[in-house]
Amino acid sequence: MSDLLSPASLESARDAALAAFAAAGSLDALAAARTAHVGDRSLVAQARKAIGGLPGPEKAEAGKRVNVVAQAVSAALEARRVELEVERDERVLVEEAVDVTVLPPRPVGARHPLTTVSDRVADVFVAMGWEVAEGPEVEHEWFNFDALNFGGDHPAREMQDTLFVEPAGSGLVLRTHTSPVQVRSLLTRELPVYVVCPGRVYRADALDATHSPVFAQVEGLCVDEGITMAHLRGTLDHLATAMFGEGITTRIRPNYFPFTEPSAELDLQCFRCRGASAEPGGEPCRVCSSEGWIEWGGCGMVNPAVLRACGVDPERYSGFAFGMGLDRTLMFRHGITDIRDFYEGDQRFTLALGQEA
Ligand code: PHE
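This structure is a prediction, so every number in the text was calculated from the model and none was measured.

Asker: Lay out the sheet that holds strand β4 (residues 172-174) in plain terms, naming residues and giving numbers.
Answerer: As summarised here, the arrangement of the three strands in space is β2-β4-β3, forming an open sheet in which the pairing is antiparallel. Each edge of the sheet is formed by a strand with only one pairing partner; in this case those strands are β2 (138-140) and β3 (163-164). Of the strand pairs in this sheet, β3 and β4 are connected by two bridges, and their pairing is antiparallel. Looking at the pairing, Leu163 lines up with Leu174 of β4.

Asker: How would you summarise the packing of helix α5 (residues 113-126) against helix α9 (residues 229-244) if you had to cite specific residues and measurements?
Answerer: Two numbers describe how α5 lies on α9: the axes approach to 10 Å, and their chain directions differ by 130°. Looking at the two axes, α5 sits oblique to α9. Note that α5 runs across α9; the crossing there is right-handed. Where α5 abuts α9, its residues Val117, Arg120, Val121, Val124 and Phe125 lie against Thr235, His238, Leu239, Ala242 and Met243. The class makeup of the residues in the contact of α5 with α9 is seven nonpolar, two polar and one charged.

Asker: Provide a residue-level description of the site of the ligand, including the pertinent values.
Answerer: Around the ligand lies a shell of 15 residues, among which His177, Ser179, Arg203, Gln217 and Glu219 are the nearest. At 2.9 Å, a side-chain N or O of Arg203 approaches an oxygen atom of the ligand. Within the contact set of the ligand, an oxygen atom lies 2.9 Å away from a side-chain nitrogen or oxygen of Gln217. A majority-of-atoms criterion places the ligand in the largest pocket. Of all the secondary structure elements, the ones that give two or more residues to the shell around the ligand are β6 (214-224), β9 (293-302) and β10 (318-325). Per-element tally for the shell around the ligand: the top contributor is β10, with three residues. Looking at the shell around the ligand residue by residue, the class counts come to five nonpolar, eight polar and two charged.

Cut-off values and rules
Residues numbered from 1 in each chain as written. Predicted model: local features only at pLDDT ≥ 70, side-chain atom pairs only at ≥ 80, totals over all residues. Heavy atoms only, no water. Pairing = 2+ DSSP bridges. Helix = DSSP H or I, 4+ residues; strand = E, 2+ residues; numbered from the N terminus. Axes fitted to C-alpha atoms, helices over the stretch in contact; angles between N-to-C directions. Parallel < 35°, antiparallel > 145°, perpendicular 65-115°, else oblique. Left-handed = near helix turned anticlockwise from the far one by under 90°. Contact = heavy atoms within 4.5 Å. Nonpolar A, V, L, I, M, F, W, Y, C, P; charged D, E, K, R; others polar. Near = heavy atom within 4 Å. Polar contact = N/O pair within 3.5 Å; in protein donor to acceptor, adjacent residues only side chain to side chain. 1 Å grid on protein atoms, 1.4 Å probe; cavity = no way out; pocket = protein on both sides within 12 Å on 5 of 7 lines; lining within 4 Å. Sits in = over half its atoms within 2 Å of the grid points.

Scope: geometric values only; no functional claims are made or implied.
Printed below as a string of structure tokens:
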């Protein structure tokens, strides 16, 4: 009898196959073990072939032995295959799991620098107990001009290069400044009134590096008993310090606005050189061009005519108002030379300035 067909040799072939299947750690390893222990050149296959060389009476006996072993081997193979497939499926479920709650990557945005700076100014005033007031951008001429003491044919109306809303005679304009919010506030609020009014304003200016037909202003108005210009100065100095650092002061120079009397141009001491470059021998300053001061806005004591138009008794109440450009504030603060950067919507600009405006 061929040694391959001896019970001992068949059992050891079976044990070797079972051990190899048990040791296979992956389906690939199991496939290799299968080739070695079930394939054409495996001991079991060779044993099966050897049956043919046996004398007739022994064939049946040997065939039975081989079949028993072959069945045990293929059952073990199948059992291990199932085990390994389950393991693989569990691993794939974990490894390839998709978290459907994760949003696809989106470009990160930022607050617009004008929004940020306008909020900062508002915060300075809210901290002093002032309120934030708003008004419409499409404004009635009465609020934008008449109530603010601009005469009907007063050249001051053209002073502000107004954009009128069609049809002609509609009485509507795109507000040329935030000062109409002064009027709206005085008409709707209880006295005393302390309001800060940030917002967009429009003028018929051609777009270039320093002019834009739309820009941002912030207005301040206080009307109370006993208000003097000293309160105006103190408030403006406080704002300057809050925005630009300790000790920065403001300067006012005579000017004319129909709605304030007296009126003044408002300058900010250069926050960079603090006026040093205006001194003889001072180092040139790129922020103020060695002026020592930067033009910031307009201000003055509320004209009694405005108080009267809003039903406020000028014998009892007085007030101050100021207004400044927010684009301008950011431009000199960050060395921005082109106002168009604020309106072109380039996200890189917004990202660079939006957080720290
Ligand atoms: N409204 C004025 C302007 O836009 C600025 C200003 C506001 C002046 C308040 C005085 C008082 O030019």
